[in-house]
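Given next are the chains, with one letter for each unit.
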Amino acid sequence: MRFYRPRSDSGFFYEPGGTLRWIVTVVVSALVGAGATLGVVAATRSESLSLNTTSNSAPPASTTKPMSVNVNINDDITQVVKKVEPDVVAVVNYTTTSNFFTQQSQTQESDIGSGVYFYKNGDNAYIVTNNHVVQGGSKVQIVLMTNKRVNATVVGTDPYTDLAVLRVPASTFPGIQPAQFANSDDIQVGEPAIAIGTPMGLDFADTVTAGIISGDQRMMPVEDPTSDAVLDYQPVIQTDAAINPGNSGGPLLNAAGQVVGINCSKIVAPNFEGMGFAIPSNEVLNIAFQIIKTGHAVHPALGIEGIDLSSIPSGYLPNNIPVDYGVYIESVASANAKRAGLEQGDVIIALNGKTVQSIADLRTELFTLKPGQTVPIVVYRGDRKLTLQIKIGEEQSPNTTESGGSSNQSSQNPFSSGGGSIFPNPFNSTNPFGY
């Protein structure tokens, strides 16, 4: 799972208007995931005590014995675990290395995460996990709750949402139904949240933790685990679940045993505790089924590279721009963006009628659109305010596994660091983004 380790005194700060801004590189760990803190089971005493208060009398025998407690587990979290645990697997990523002295290659275990069996089609069963669990691997295995290991095929990966899909023979899960997914739009802050995964390696496989949903729309960065470059921002579910290395890709469940999210990251910093995050189930299914169908996911794109206007040092701010927010366009790459009339130096302040304060806002609104749509985009060019019409383009996610191609997405990534920023960048987290 990914660790986000905020720095500076508080790690991050709020700019005017309440916008959460990261001011330094968010550190990515190869594998971490989300768990949670279990709710308390109500218990009732099965007996009452009557103490003899007469002096010199011995206490009744019942006070020297353990009390009987009646616990009803029929509606408890144990039922969720029994229902979903067979669907949860450990995901083992192997990498190939060469021995300098022998000039021979060898495959060795690199990282361990988690995954969940979510779909069956004929002779194939499909497992969803995080992209960063399998990225860069030359071989992937899953480990069942019976400790059986099965080789898995990486169907496809999507680094922009940090999701990946694996395929194994359907016979791997005899008599086991795929996990059910809930509508993540319906989750409520404060409802129970349960996680199952593989923290700290296979010795702690099938660990169950629980807590509550702490937030349903937290905008967090998605980073490349090898370069630390911010690929994108995405809305995620926040939970006070216990987050431990290896839970990445495992399910976050509701009290009915339905998957509400795929655990992906946490904040790690002094004085921070219980801030874990999961990719919402609706986003998971959308991306996962695109990958199953075509081997990749398709994302809408504007075809520009830009940075937050607020991240540009004051001495380099464009002249005559009457706003202090928006996305500064560093370059215009796509034919659609050029036809719309966008130019280097424009500052985007609105897309499709929604105000754009930052790149995170631009991503949020862009991802509500479909490739091929034509929508208004409002920019400042100097002190002139222009409304242009732009046709939304599309970009396909690359395969980030070793067998599927290079894990360096910069040449084809509409959300990755664009490289060659024309402004000196004092903050590592303000790399330019391609949209």
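Residues numbered from 1 in each chain as written. Predicted model: local features only at pLDDT ≥ 70, side-chain atom pairs only at ≥ 80, totals over all residues. Heavy atoms only, no water.

Below, the discussion takes up the sheet that holds strand 11 (residues 149-158). Taken in spatial order, the six strands close into a barrel running 7-8-9-12-11-10, and their pairing is antiparallel. Each adjacent strand pair in this sheet contributes to an overall mean axis angle of 40°, direction not counted. Where strand 11 meets strand 12 (residues 163-169), five bridges bridge the pair, whose relative direction is antiparallel. Of the residues in strand 12, the one forming a bridge with threonine 157 is alanine 164. (Pairing = 2+ DSSP bridges. Helix = DSSP H or I, 4+ residues; strand = E, 2+ residues; numbered from the N terminus. Axes fitted to C-alpha atoms, helices over the stretch in contact; angles between N-to-C directions.)

Phi at aspartate 206 takes a positive value of approximately 60°, unusual for a residue other than glycine. As for its placement among the helices and strands, aspartate 206 is situated in the loop between strand 13 (192-197) and strand 14 (207-223). Positioned with a positive phi, asparagine 352 is a non-glycine residue whose angle comes to about 55°. Summarising the element assignment, asparagine 352 is placed in the loop between strand 23 (347-351) and strand 24 (354-355). Judged by relative accessible area, asparagine 352 falls into the partly exposed class, the value being 31%. (Buried < 20%, exposed > 50% of the residue type's maximum accessible area, 1.4 Å probe, protein only.)

A few words on the pairing of strand 14. Sheet analysis places strand 13 next to strand 14, joined by six bridges and oriented antiparallel. Following the sheet pairing, isoleucine 194 is matched in strand 14 by alanine 210. Both strand 14 and strand 15 (residues 230-239) contribute to a ladder of eight bridges, which runs antiparallel. Looking at the pairing, glycine 215 lines up with glutamine 238 of strand 15.

The buried fraction of helix 5 (residues 359-366) amounts to six of the eight residues, a majority that puts the element mostly inside the structure. By the burial criterion, the buried members of helix 5 are Ile359, Ala360, Leu362, Arg363, Glu365 and Leu366.

Okay, the packing of aromatic side chains next. Per the counting criterion, the structure on display carries six aromatic pairs. Judged by centre distance (5.7 Å) and plane angle (70°), the rings of phenylalanine 118 and phenylalanine 289 are edge-to-face. On the criterion of sequence distance, the pair formed by phenylalanine 118 in strand 8 (residues 105-121) and phenylalanine 289 in helix 3 (residues 281-294) is long-range, its members being 171 residues apart. The interplanar angle of 80° and the centroid separation of 5.0 Å between the aromatic rings of tyrosine 119 and phenylalanine 289 together place this pair among those described as edge-to-face. Within this pair, whereas tyrosine 119 is found in strand 8, its partner phenylalanine 289 is found in helix 3, the two being separated by 170 residues in sequence. You can call tyrosine 119 partly exposed: its relative accessible area is 25%. Taken together through their ring pairs, the aromatic side chains of Phe118, Tyr119, Tyr126, Phe181 and Phe289 make up a single cluster. One cation-aromatic arrangement involves lysine 139 over tyrosine 94; the distance from NZ or CZ to the ring centre is 5.0 Å. A cation sits over an aromatic face here: arginine 363 above phenylalanine 367, 3.9 Å from the ring centre. (Phe/Tyr/Trp six-rings, centres within 6.5 Å; stacked < 30°, edge-to-face > 60°. Lys NZ or Arg CZ within 6 Å of the ring centre and 35° of its normal.)

Scanning all chains against the criterion turns up four salt bridges. Where glutamate 283 meets arginine 363, a salt bridge forms, and the shortest distance between an N and an O atom there is 3.7 Å. Pair noted here: glutamate 283 is in helix 3 and arginine 363 is in helix 5, with a separation of 80 residues, a long-range link. Ionic pairing is found between glutamate 343 and arginine 381, a salt bridge with its closest N-O pair at 3.5 Å. Of this pair, glutamate 343 sits in the loop between helix 4 (335-340) and strand 23 while arginine 381 sits in strand 25 (residues 374-381); the two residues are 38 residues apart in sequence, bridging distant segments of the chain. Take glutamate 343: its relative accessible area is 39%, and that puts it in the partly exposed class. (Salt bridge = Lys/Arg side-chain N within 4 Å of Asp/Glu carboxyl O.)

What follows covers the nonpolar core. Ranked by size, the top nonpolar core spans 31 residues in total, and within it Phe118, Val128, Val165, Leu253 and Val284 carry the most contacts. With five residues, the top contributor of residues to this core is helix 3. Beyond its immediate stretch of four places on either side in the chain, leucine 253 contacts Val80, Val84, Pro192, Ala193, Ile194, Ile196, Gln258, Val259 and Val260. Counting 26 residues, the second largest nonpolar core, distinct from the first, contains Val230, Ile359, Leu366 and Ile392. (Core = buried A, V, L, I, M, F, W, Y, C linked by side-chain atoms within 4.5 Å. Contact = heavy atoms within 4.5 Å.)

Taken residue by residue, the chain gives an average pLDDT of 78. The fraction at 70 or more is 75%. Element-level mean pLDDT values for the chain span from 31 in strand 2 (residues 12-15) up to 98 in strand 9 (residues 124-129). Predicted confidence is poor over residues 4-59, with pLDDT under 50, and the contacts of this stretch with residues over four places away or in other chains come to 152 contacts. Under a pLDDT of 50 for its full length, residues 405-435 has, in the predicted model, 96 contacts with residues more than four places off or in other chains. (pLDDT = per-residue confidence, 0-100.)

Between its first and last C-alpha, helix 3 extends 20 Å over 14 residues, near the 20 Å set by a 1.5 Å rise per residue. Among the residues of helix 3, those classed as buried are Ser281, Val284, Ile287, Ala288, Ile291 and Ile292. The buried residues of helix 3 occupy an angular sector of 140° when the element is viewed end-on, so they sit on one face. After helix 3 finishes, the residue glycine 295 shows a positive phi value of roughly 90°. (Expected span 1.5 Å × (residues − 1). Arc of directions from axis to C-beta.)

Turning to the pairing of strand 15, a few remarks are in order. Across the ten residues that make up strand 15, a large majority, nine, are buried. Across three bridges, the pairing between strand 15 and strand 19 (residues 276-280) is antiparallel. Among the inter-strand pairings, isoleucine 237 is bridged to a residue of strand 19, identified as alanine 278.

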